[in-house]
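# Coordinate analysis (summary)
One letter stands for each residue in the lines below.
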Amino acid sequence: MRYGYKGLHAAGTSQLGYGRKLQRAFLALLLALVAGLTGGPAVADELSLLVNGKALHLGAPEDKHLNEKNWGLGLQYDWDPKDSKWIPFATASGFIDSNKNPSYYAGGGALRRFEFGSLHADLGAIGFLMVRKDFKNDRPFPGALPVLSVGTQSVALNITYIPKVEPKAVPLWFFQLKIKLMEFR
């Protein structure tokens with residue numbers, strides 16, 4: 001046995017190390033996000049916990065059983081909009097995707113805030129790098145998506161529409177609960 005045991009299954013692809021590769025990529029993205037947020041004079045306004053939890057697949061074939069419980073956690077850092085109605089943000093998160101595989105992303109964007117008394121609706125976009133099993137050769141890939149967030153000062157529901165991106169995928173709505181952890185001044 002010249003090369004030793006490599007952790008191969010019947011199809012001949014390695015299962016060992018895949019999780020570590022994704023974890024390292026996600027950790028590197030998360031550390032870069034945290035370093036960027038703490039390393040300069042710009043002070044953020046809010047740090048929130050993201051609880052990923054639900055996907056609603058649109059038009060999925062009946063024989064395709066997609067995971068709609070996309071549990072996972074992440075962070076979102078919203079900068080103080082100052083005198084603007086635009087809120088810049090940075091985010092990183094991990095979750096179990098529609099095929100029950102781990103997925104990780106990090107990115108940022110901007111949201112336009114509309115206030116209705118104690119409620120608000122934010123509408124904008126996110127640009128990100130994502131790592132998913134069996135997509136783009138398991139390498140990080142860029143993306144951009146629309147975002148709607150509706151809530152109060154303490155809690156909000158983030159909603160993202162994801163269009164059909166490859167022949168075997170279906171469009172979906174993705175939901176996150178955003179819970180404010182702390183405020184910076």
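Residues numbered from 1 in each chain as written. Predicted model: local features only at pLDDT ≥ 70, side-chain atom pairs only at ≥ 80, totals over all residues. Heavy atoms only, no water.

### Concerning the environment of Phe-89
Looking at where Phe-89 falls in the secondary structure, it is placed in strand β3 (residues 86-96). Separated by 42 residues in sequence, Phe-89 and Leu-47 place their C-alpha atoms 9.7 Å apart. (Helix = DSSP H or I, 4+ residues; strand = E, 2+ residues; numbered from the N terminus.)

### Here's the deal with the packing of aromatic side chains
Evaluation of the coordinates by the stated rule reveals five aromatic pairs. On the basis of an interplanar angle of 80° and a centroid distance of 5.9 Å, the ring pair of Tyr-77 and Trp-79 is categorised as edge-to-face. Ring pairing ties together the aromatic residues Phe-95, Tyr-105, Phe-128 and Phe-174, which thus form one cluster. Here Arg-112 stacks its cationic end above the ring of Phe-114, 4.5 Å away from the centre of that ring. (Phe/Tyr/Trp six-rings, centres within 6.5 Å; stacked < 30°, edge-to-face > 60°. Lys NZ or Arg CZ within 6 Å of the ring centre and 35° of its normal.)

### What to know about the pattern of salt bridges
A side chain with one charge may pair with a side chain of the opposite charge, provided their charged atoms come close. This structure, assessed with the given rule, holds six salt bridges. With its nearest N and O atoms 3.8 Å apart, the salt bridge here joins Lys-54 to Glu-68. Highlighted residues: Lys-54 in strand β1 (residues 44-57) and Glu-68 in the loop between β1 and β2 (72-79), separated in sequence by 14 residues. Using a relative accessible area of 35% as the deciding quantity, one classes Lys-54 as partly exposed. Asp-97 serves as the salt-bridge partner of Arg-132, at 3.0 Å between the closest nitrogen and oxygen. Of the two residues, Arg-132 sits in strand β5 (residues 119-132) while Asp-97 sits in the loop between β3 and β4 (102-116), which places them 35 residues apart along the sequence. Given a relative accessible area of 3%, Asp-97 falls into the buried group. (Salt bridge = Lys/Arg side-chain N within 4 Å of Asp/Glu carboxyl O. Buried < 20%, exposed > 50% of the residue type's maximum accessible area, 1.4 Å probe, protein only.)

### Here we look at the pairing of β3
Here β3 lies mainly inside the structure; eight of its 11 residues are buried. Direction of pairing for β2 relative to β3: antiparallel, over a ladder of seven bridges. By the bridge assignment for β3, Leu-75 is matched with Ala-92. Taken together, the 11 bridges between β3 and β4 define a ladder with antiparallel strand orientation. For Pro-88, the partnering residue across the bridge sits in β4 and is Ala-110. Between β3 and β4, which pair antiparallel one after the other, the connecting turn spans five residues, and Lys-100 there sits at a positive phi close to 65°. (Pairing = 2+ DSSP bridges.)

### Concerning a nonpolar patch on the surface
Judged by side-chain polarity, Phe-114, Phe-116, Leu-119, Leu-123, Leu-148 and Val-150 come together as a nonpolar surface patch covering roughly 540 Å² of accessible area. Assignment of secondary structure puts Phe-114 in strand β4. (Patch = residues over 30% accessible without salt bridge, like charges linked within 9 Å, V, L, I, M, F, W, Y side chains within 5 Å. Areas by Shrake-Rupley, 256 points an atom, 1.4 Å probe, with all protein chains shown as cover.)

### What to know about the confidence of the model for the protein
Looking at the protein as a whole, the pLDDT averages 81, with 75% of positions reaching at least 70. The element-level mean pLDDT for the protein is lowest in helix α1 (residues 18-38), coming to 55, with strand β7 (residues 155-162) highest at 96. Note that pLDDT drops below 50 for residues 1-18; the model gives that stretch 13 contacts with residues more than four away or on any other chain. Confidence over residues 38-44 falls short of pLDDT 50; this stretch has eight contacts with residues more than four positions distant or in other chains. (pLDDT = per-residue confidence, 0-100. Contact = heavy atoms within 4.5 Å.)

### A short note on the nonpolar core
By size, the foremost hydrophobic cluster in this structure holds 15 residues, and its most contacted members are Phe-95, Tyr-105, Ile-126, Phe-128, Met-130 and Phe-174. At the level of secondary structure, the elements contributing two or more residues to this core comprise β1, β3, β4, β5, β6 (141-151) and β8 (172-183). The contacts of Phe-174, once residues within four sequence positions are left out, are Asn-52, Lys-54, Ala-55, Asn-70, Phe-95, Asn-158, Ile-159, Thr-160 and Ile-162. (Core = buried A, V, L, I, M, F, W, Y, C linked by side-chain atoms within 4.5 Å.)

### Here's the deal with the side chain of Ser-149
When you line up the elements, Ser-149 lands in strand β6. Residue Ser-149 is classed as buried on the basis of its relative accessible area, which comes to 1%. Here Asn-158 takes part through its side chain, which lies 2.7 Å from a polar atom of the side chain of Ser-149. Not counting residues within four places of it along the chain, the set of residues in contact with Ser-149 comprises His-120, Ala-121, Asp-122, Ala-156, Leu-157 and Asn-158. (Polar contact = N/O pair within 3.5 Å; in protein donor to acceptor, adjacent residues only side chain to side chain.)

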